[in-house]
Amino acid sequence: MDYNTPYRRFSALALAAAATLTFSAACSDDAEEPAGNAAAAAAGGPEQKTLEGAKTAAQTVFDRFSGGDFAGAWEMYTTAGKQAISKDDYVKLNQACSRKGLAIQLTSARMEGTDRAIVIAKQLVAAQSYTMVYEGDAWKLEPAKEGLALYKLGAAKAIAAQKKAGTCANA
């Protein structure tokens, strides 16, 4: 009985895999295409002014928010959203009252004109619509009127208002 046969097969397989990787790396183009709007924005270029661009940006905002990166989510707000609440107050409010860790999934979207998209997202069983606005070469989340009114209260008053209304998830 030859005890080296499994090792020989493995060695031959490993050698073939290494050769394939070397060959494919040598034949590939070094200039990689950016993967979606986030890569284009990171490279300093404008995001695509398309429905796909809006959906990608919306999902990025939702991922940041549900992952607890509230400062990162605030960065993707429209100018009006950022003017309504400071980044620090937005972070404080959401650390106190939001549901962290529950994924928010984009379920559908449609364009409304050339620079607005309406996206529908679902968290658990609740669905909600959001507006994405193309502003300054990027898709931004436009807070709803109710959100803007809440944000203008500042963190402390907004937290108190949400606790009173029973909408503060951590109260």
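Before reading further, recall that the structure is shown in the block above.
Quantities reported herein were computed from a predicted structural model and do not represent experimental measurements.

S.K.: I would appreciate a short explanation of the nonpolar core in the present structure.
M.R.: General note: in soluble globular proteins, nonpolar side chains tend to be found buried as a group. In this structure, F62, Y90, L93, M132, W139 and Y151 are the most contacted members of the largest nonpolar core, which totals 32 residues. When residues of this core are traced back to their parent elements, those giving at least two are helix 3 (51-66), helix 4 (70-75), helix 6 (87-97), strand 2 (116-123), strand 3 (126-135), strand 4 (138-142), helix 7 (145-151) and helix 8 (155-165). The leading source of residues in this core is helix 3, at 6 residues. When neighbours within four sequence positions are excluded, F62 is seen to be in contact with I104, L106, V119, A121 and Y130.

S.K.: How should I be thinking about the sheet that holds strand 2 in this particular structure?
M.R.: Adjacent strands of a sheet pair through backbone hydrogen bonds, lying either parallel or antiparallel. Strand order across the open sheet formed by 4 strands is 1-2-3-4, with antiparallel pairing between neighbours. Pairing within the sheet leaves two strands with one partner each, and these edge strands are strand 1 (105-111) and strand 4. Between one strand and the next, the sheet's axes are offset by a mean angle of 30°, whatever the strand orientation. Pairing of strand 1 with strand 2, which is carried by 6 bridges, proceeds in the antiparallel orientation. Bridge pairing in strand 2 places Q105 opposite K122. Strands in contact with helix 3 are strand 1, strand 2, strand 3 and strand 4; relative to strand 1, the strand with the most contacts, it is inclined by about 145°.

Calculation notes
Residues numbered from 1 in each chain as written. Predicted model: local features only at pLDDT ≥ 70, side-chain atom pairs only at ≥ 80, totals over all residues. Heavy atoms only, no water. Core = buried A, V, L, I, M, F, W, Y, C linked by side-chain atoms within 4.5 Å. Buried < 20%, exposed > 50% of the residue type's maximum accessible area, 1.4 Å probe, protein only. Helix = DSSP H or I, 4+ residues; strand = E, 2+ residues; numbered from the N terminus. Contact = heavy atoms within 4.5 Å. Pairing = 2+ DSSP bridges. Axes fitted to C-alpha atoms, helices over the stretch in contact; angles between N-to-C directions.

These values are about where atoms sit, not about what they do.
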